[in-house]
Amino acid sequence: RVLPADRQRLEEAGDDAALVLVDNASTDSTPTLARQWAERQQGIEVSLEMYEDTYVGTADEAVALTAAVLGEKLPFFGICFGNQILGRALGFGTYKLRYGHRGINQPVKDLTTGKVEITAQNHGFAVDAPLGETVTAPADAQHGTSFGRVRVSHVGLNDDVVEGIECLDIPAFSVQYHPEAAAGPHDAAYLFDRFVELLQRRRTAHADTTDQHGENA
């Protein structure tokens, strides 16, 4: 499914070819589905609206599917619950906050740029990942994956809760809040630009590979 708000953001960022997908797939079918997506799609975005009526409990199917997508190095952008899904796919845990984050005035710091943005949030759980350091994805040791380096990219200024994670060796990142919030604030709209950059890199790399195969034919 394509969420209208997210499609609008992608179009505003200059990439109307990006397809936003989700699927309630069984764990048995996830490797095949991920390969199919890698062949046919530019990237995957996972956001809260996709799951609130579909997944109850542990969302193991979503985690398994995301891990398979990461293995295919398909660009991935997680929003809200998508941040927890990415975190778990990478091998991190999640935990329940004592006080959930609710409202449209939650301050978050982008650790890449040092800028503070006001965000819209509605979550009661968070990813348990270390702040201030780059680590190897726990899943690499747990399950033999090769996701590589991961760091916390955004942190909540009220309580130092992880508000975003970024993979450094595969094209994947996520945030715990809502950059697509149509009513605002729009401080975090730049995240769609980052996602589009990942899509464009994949498209360029695919074109280069196709050209090389053509020359060698």
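Residues numbered from 1 in each chain as written. Predicted model: local features only at pLDDT ≥ 70, side-chain atom pairs only at ≥ 80, totals over all residues. Heavy atoms only, no water.

### Overview of the environment of V155
Now for step 1: Within the secondary structure, V155 sits in strand β6 (residues 149–156).
Now for step 2: Through-space distance from the C-alpha of V155 to that of D110 is 7.0 Å; in sequence the pair is 45 residues apart. (Helix = DSSP H or I, 4+ residues; strand = E, 2+ residues; numbered from the N terminus.)

### A closer look at the nonpolar core
Now for step 1: Counting 29 residues, the largest nonpolar core has L70, F76, L86, L90, F92 and F147 as its most contacted members.
Now for step 2: Of all the secondary-structure elements, those providing two or more residues to this core are β1 (44–46), α3 (60–71), α4 (81–89), β6 and β7 (162–167).
Now for step 3: If one sorts the elements of this core by residue count, α3 sits on top with five residues.
Now for step 4: For F147, the residues in contact, after removing those within four places along its chain, are A67, L70, G71, A89, L90, A137, A139, D140, D169 and I170.
Now for step 5: In this structure, V108, Y177, F192 and L199 belong to the second largest nonpolar core, which totals 13 residues. (Core = buried A, V, L, I, M, F, W, Y, C linked by side-chain atoms within 4.5 Å. Buried < 20%, exposed > 50% of the residue type's maximum accessible area, 1.4 Å probe, protein only. Contact = heavy atoms within 4.5 Å.)

### Structural notes on α3
Now for step 1: Taking 1.5 Å per residue, 12 residues should reach 16 Å; α3 reaches 17 Å between its end C-alpha atoms and fits that length.
Now for step 2: Those residues of α3 lying buried are A62, V63, L65, T66, A68, V69 and L70. (Expected span 1.5 Å × (residues − 1).)

### Quick notes on the side chain of H154
Now for step 1: Mapped onto the secondary structure, H154 falls in strand β6.
Now for step 2: Owing to a relative accessible area of 1%, H154 belongs among the buried residues under this scheme.
Now for step 3: For H154, the side chain forms a polar contact with the side chain of S153, separated by 2.8 Å. (Polar contact = N/O pair within 3.5 Å; in protein donor to acceptor, adjacent residues only side chain to side chain.)

### Comments concerning the pairing of β7
Now for step 1: When you tally the buried positions in β7, you get five out of six residues, the bulk of the element.
Now for step 2: Of the pairings in the sheet, the one linking β6 to β7 comprises five bridges and is antiparallel in character. The residue bridging R151 from the neighbouring strand is E166, located in β7.
Now for step 3: Hairpin geometry of β6 and β7 is characterised by an intervening segment of five residues between the two adjacent antiparallel strands and by a positive phi of about 60 degrees at D160. (Pairing = 2+ DSSP bridges.)

### A look at unusual backbone geometry
In most cases, non-glycine residues show a negative phi, while peptide bonds are predominantly trans.
Now for step 1: For K73, which is not glycine, the phi torsion reads 60 degrees and is therefore positive.
Now for step 2: Topologically, K73 is positioned in the loop between α3 and β2 (76–79).
Now for step 3: Judged by its relative accessible area of 43%, K73 falls in the partly exposed class.
Now for step 4: Here D160, not a glycine, exhibits a phi torsion of approximately 60 degrees, which is positive.
Now for step 5: Turning to its location among the elements, D160 is positioned in the loop between β6 and β7.

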